[in-house]
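# Residue-level structural notes
Okay, here's what each chain looks like letter by letter:
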Amino acid sequence: MSYFEAIILGLVQGLAEFLPISSSGHLALLQYFFQINGENVLMFAVMMHVGTLISVFICYWKDIWELIVELCLTIKDIVTGKGLRLNERPVRKLGVMIIVATIPTGVIGILFNDIFESFYLSLVAIGTGFIITGVLMFLAERISSANRGIEQMNFRNAIFIGILQGIAICPGISRSGSTLVGGLTTGLKREFAVKFAFLISIPSILGSVVLELPDAIKAGLEPGLLGPIVVGMAVAAVSGFIAIKGMIKIVSDKKLSYFSYYVWILGALTLVFGLFFAKHFFA
């Protein structure tokens, strides 16, 4: 892998992870057109996830620190018999809701992992995913958000958002877009829906790193790949930070429909190419 390819892949990973255009779908397409065998660059893929994880920590470090402190206080309250006291502690409730939303995502990922993996080998499946993402963004633009924050959020809301995040494991379907639609559908105010979507990406991305790391270590590191890995990870972190900040403004300004047109066009082109020019990656 060249430095140029590492920069392009890192840029796409960072932007597409948080903009509602599907990082998995874009990276699968780039992998195909660059003719990169995924098994040979597993460590690179893992470190790209780490790069995007860094960007979330930078953008939401205050919230993350509050969640860590609240976790310690929660353990203390449970030990001393005071209980969870979720209604009294908004930050604590936020942490619990993140955990609850992560559970269905993890279950879906484990149960349907083989099916999701097979979709990465089909341009038709990826193109269909892009089309679905466009529909989700089109709907999100037209959902009238309420003023519900963490105080009004309930477990059903978190589970619903977590299910949508699990479905977004499919390539071409945007994780950030799906979780955002889930938040808006349940009546969360736009600013909080975006925040929650990005915060629940932390355990999701971290889970991907944990699951992929053993295989990456087993596959080893190709000579000369260390430099591209460092560069790609840095680019992913910077572009991810920019994407998060941009996404917050885009959602507030109700301009998600622009992404719908983009992924619809990309999805249509991918479907045409997949149906008439190629069937499977590396077939």
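Residues numbered from 1 in each chain as written. Predicted model: local features only at pLDDT ≥ 70, side-chain atom pairs only at ≥ 80, totals over all residues. Heavy atoms only, no water.

Before going further, it helps to spend a moment on the pattern of salt bridges. Counted by the stated rule, this structure contains 7 salt bridges. Residues Glu17 and Arg175 are paired through a salt bridge, measuring 3.6 Å at the closest nitrogen-oxygen approach. One end of the pair, Glu17, is in helix α1 (residues 3–18); the other, Arg175, is in helix α9 (residues 175–185), with 158 residues separating them in the sequence. Arg175 carries the same exposure label as Glu17, and that label is buried. The structure contains a network of salt bridges with shared partners spanning Glu70, Asp77, Arg85, Glu88, Arg89 and Arg92. (Salt bridge = Lys/Arg side-chain N within 4 Å of Asp/Glu carboxyl O. Helix = DSSP H or I, 4+ residues; strand = E, 2+ residues; numbered from the N terminus. Buried < 20%, exposed > 50% of the residue type's maximum accessible area, 1.4 Å probe, protein only.)

Here the focus is the nonpolar core. One finds Tyr60, Leu94, Met153, Leu180, Phe196 and Leu256 to be the most contacted residues of the largest nonpolar core, which totals 72 residues. Apart from residues no more than four positions distant in its own chain, Leu256 is found in contact with Pro20, Met137, Ala140, Glu141, Leu180, Met247, Ile250 and Val251. (Core = buried A, V, L, I, M, F, W, Y, C linked by side-chain atoms within 4.5 Å. Contact = heavy atoms within 4.5 Å.)

Attention shifts here to helix α3 (residues 42–59). Spanning 18 residues, α3 covers 27 Å between terminal C-alpha atoms, matching the ideal 26 Å at 1.5 Å per step. Buried within α3 are the following residues: Met43, Phe44, Val46, Met48, His49, Gly51, Thr52, Leu53, Ser55, Val56 and Cys59. Buried residues along α3 sit in contact with α1, α4 (61–79), α10 (190–199), α11 (201–219) and α12 (226–252). (Expected span 1.5 Å × (residues − 1).)

In the contact formed by helix α7 (residues 123–142) and α9, the axes pass within 9 Å of each other and the chain directions differ by 30°. Comparing the axis directions of α7 and α9 gives the class roughly parallel. Along this stretch, α7 crosses α9, giving a crossing that reads as left-handed. Note on element contacts: α9 touches α7 through Gly177, Ser178, Val181 and Leu184, opposite Leu136, Met137 and Ala140. Residues belonging to the contact of α7 with α9 are distributed by class as follows: 5 nonpolar, 2 polar and no charged. (Axes fitted to C-alpha atoms, helices over the stretch in contact; angles between N-to-C directions. Parallel < 35°, antiparallel > 145°, perpendicular 65-115°, else oblique. Left-handed = near helix turned anticlockwise from the far one by under 90°. Nonpolar A, V, L, I, M, F, W, Y, C, P; charged D, E, K, R; others polar.)

The next point concerns the packing of aromatic side chains. For the structure on display, the rule yields 8 aromatic pairs. Seen in terms of ring centroids, Phe18 and Phe198 are 5.5 Å apart; in terms of plane orientation they differ by 85°. Their pairing is edge-to-face. Of this pair, Phe18 sits in helix α1 while Phe198 is found in helix α10, placing the two residues 180 residues apart along the sequence. In this structure Phe18 comes out as buried when scored by relative accessible area, which is 0%. Measuring from centroid to centroid gives 6.3 Å for Tyr60 and Phe198, while their planes differ by 45°, and the two rings are tilted. One end of the pair, Tyr60, is in the loop between α3 and α4; the other, Phe198, is in helix α10, with 138 residues separating them in the sequence. In this structure Tyr60 comes out as buried when scored by relative accessible area, which is 7%. Each residue in the set Phe18, Tyr60 and Phe198 is aromatic and connected to the rest through ring pairs, giving one cluster. (Phe/Tyr/Trp six-rings, centres within 6.5 Å; stacked < 30°, edge-to-face > 60°.)

Relative to the elements of secondary structure, Glu5 occurs in helix α1. The exposure class assigned to Glu5 is buried, which follows from its relative accessible area of 17%. Distance in space between the C-alpha atoms of Glu5 and Gly232 is 8.5 Å, their sequence separation being 227 residues. Excluding anything up to four places from it in sequence, Glu5 contacts Phe34 and Ile36.

As a further point, take helix α8 (residues 155–167). Here α8 contains 13 residues, and its C-alpha end-to-end distance of 19 Å stays within 8% of the 18 Å for a straight helix at 1.5 Å per residue. Where the residues of α8 are buried, they touch α5 (90–111), α6 (113–119), α9, α10 and α11. At the N-terminal end of α8, a side-chain oxygen is found 3.1 Å from the backbone nitrogen of Arg156, two or three residues along, and the residue is Asn154. (Polar contact = N/O pair within 3.5 Å; in protein donor to acceptor, adjacent residues only side chain to side chain.)

Taken by themselves, the reported measurements are silent on function.
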